[in-house]
Amino acid sequence: MHRYQILIEYVGTNFYGWQIQKKKITIQGTIENVLKKILREKVKLYGSGRTDSKVHAFGQSAHFDVKNRIENIKKFYSTLNFFLNRKFITVVEINKKPLSFHARYSAKKRIYKYLIHNRESLPSIYRDRGWYVKKKLDIELIKRASHFLKGTHDLSVFRASNCSASSPVRTINSLIVKKKNDIIEIKIKSRSFLKQQVRSIVGCLKYVGEKKWTVNKFKKIVKSKNRNFCAPPAPGTGLYLEKVIY
């Protein structure tokens, strides 16, 4: 048995997320179908994590096993992208890995990025590539609130009701907020994330930026550990899985 890791870039707009779902088009299902066609055997693809519906990726990582060694990686790579590119999926790298490697469990850190288009007019070129927020957001207030989240916390308030994680405690290694022109970028690094964690954090930070909440209220809501107090999660269209670190 031979194991291969692939790094994947995709636009998630027309997909129901990463994980295979019955009668729905997903990233995992689409790539598995192409692998089966090329390799002529059933292939199971294991991702570093599940991205939600409409979420994008610059560097999703996944692995699969095949019975026979892939002799011509360059040809395999080109053929794979021939079928995937038309669906706005690109395999950017393929690496032979030992059987001890696992795309999910071997990962040490994951980096997610969220983009907010904060301007008067609705974006055309970047539509469905970010969250359009017309009301001007106070970037300094957002930064002040975000500092509180660094470190280890019980993040139950940001956890989706159907999250399967065994614990709501997570360590956020870094959380960087910056603005360039009319785009606000929120980048979060952690070993693992709860379901809807990033989108829920962004939704709450938006409330702070709009001055619906004070920074102190934001802190109290996080400490409450009560999901009912969370602001509506930001839409999936602004979220990107940027990188998986091993």
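Residues numbered from 1 in each chain as written. Predicted model: local features only at pLDDT ≥ 70, side-chain atom pairs only at ≥ 80, totals over all residues. Heavy atoms only, no water.

> I'm lost on the layout of surface pockets in this one. Help?
The rolling of a water-molecule-sized probe over the atoms marks out the regions of remaining empty space. Taken as a whole, the largest pocket spans an internal volume of roughly 1,100 Å³. Around the largest pocket sit 39 residues that line it, and G49, R50, T51, R104 and F193 are the ones nearest its centre. Contributing elements (two or more residues each) for the lining of the largest pocket: β2 (46-47), β5 (109-118) and α4 (197-209). At three residues, α4 tops the list of elements feeding residues into the lining of the largest pocket. Along the lines of polarity and charge, the residues of the lining of the largest pocket split into 15 nonpolar, 15 polar and nine charged. Of the voids in this model, the second largest pocket is the one considered here, and its volume is about 220 Å³. Contributing to the lining of the second largest pocket are I38, L39, E41, V66, N68, R69, I70, E71, N72, K75, F76 and T79. Of all the secondary-structure elements, those providing two or more residues to the lining of the second largest pocket are α1 (27-39) and α2 (73-84). It is α2 that contributes the most residues to the lining of the second largest pocket, three residues altogether. In the lining of the second largest pocket, the residues fall into five nonpolar, three polar and four charged. (1 Å grid on protein atoms, 1.4 Å probe; cavity = no way out; pocket = protein on both sides within 12 Å on 5 of 7 lines; lining within 4 Å. Points joined across faces, edges and corners; volume = space filled by probe spheres on them. Helix = DSSP H or I, 4+ residues; strand = E, 2+ residues; numbered from the N terminus. Nonpolar A, V, L, I, M, F, W, Y, C, P; charged D, E, K, R; others polar.)

> Before we go on, may I ask you to explain α1 in this structure?
One full turn of an α-helix is made of 3.6 residues, so residues set three or four places apart face in the same direction. Under the 1.5 Å per step criterion, the end-to-end length of α1 is 18 Å for 13 residues, consistent within 8% with the ideal 18 Å. Each element contacted by the buried residues of α1 is listed here: β1 (2-10), β3 (56-66), α2 and β4 (89-97). Of the residues flanking the start of α1, the one acting as N-cap is T26, its side-chain oxygen 3.1 Å from the backbone nitrogen of G29. In the stretch just after α1, R40 is the one whose phi turns positive, near 60°. (Expected span 1.5 Å × (residues − 1). Contact = heavy atoms within 4.5 Å. Polar contact = N/O pair within 3.5 Å; in protein donor to acceptor, adjacent residues only side chain to side chain.)

> Mind showing me how you'd approach the pairing of strand β9 (residues 183-190) here?
The side chains of a regular strand alternate between both faces of the sheet. Bridge count between β5 and β9: eight bridges; the pairing is antiparallel. Counted as the bridge partner of H117 is I183 from β9. Sheet analysis places strand β8 (residues 169-180) next to β9, joined by eight bridges and oriented antiparallel. Bridging across to β9, K179 finds its partner in I184. (Pairing = 2+ DSSP bridges.)

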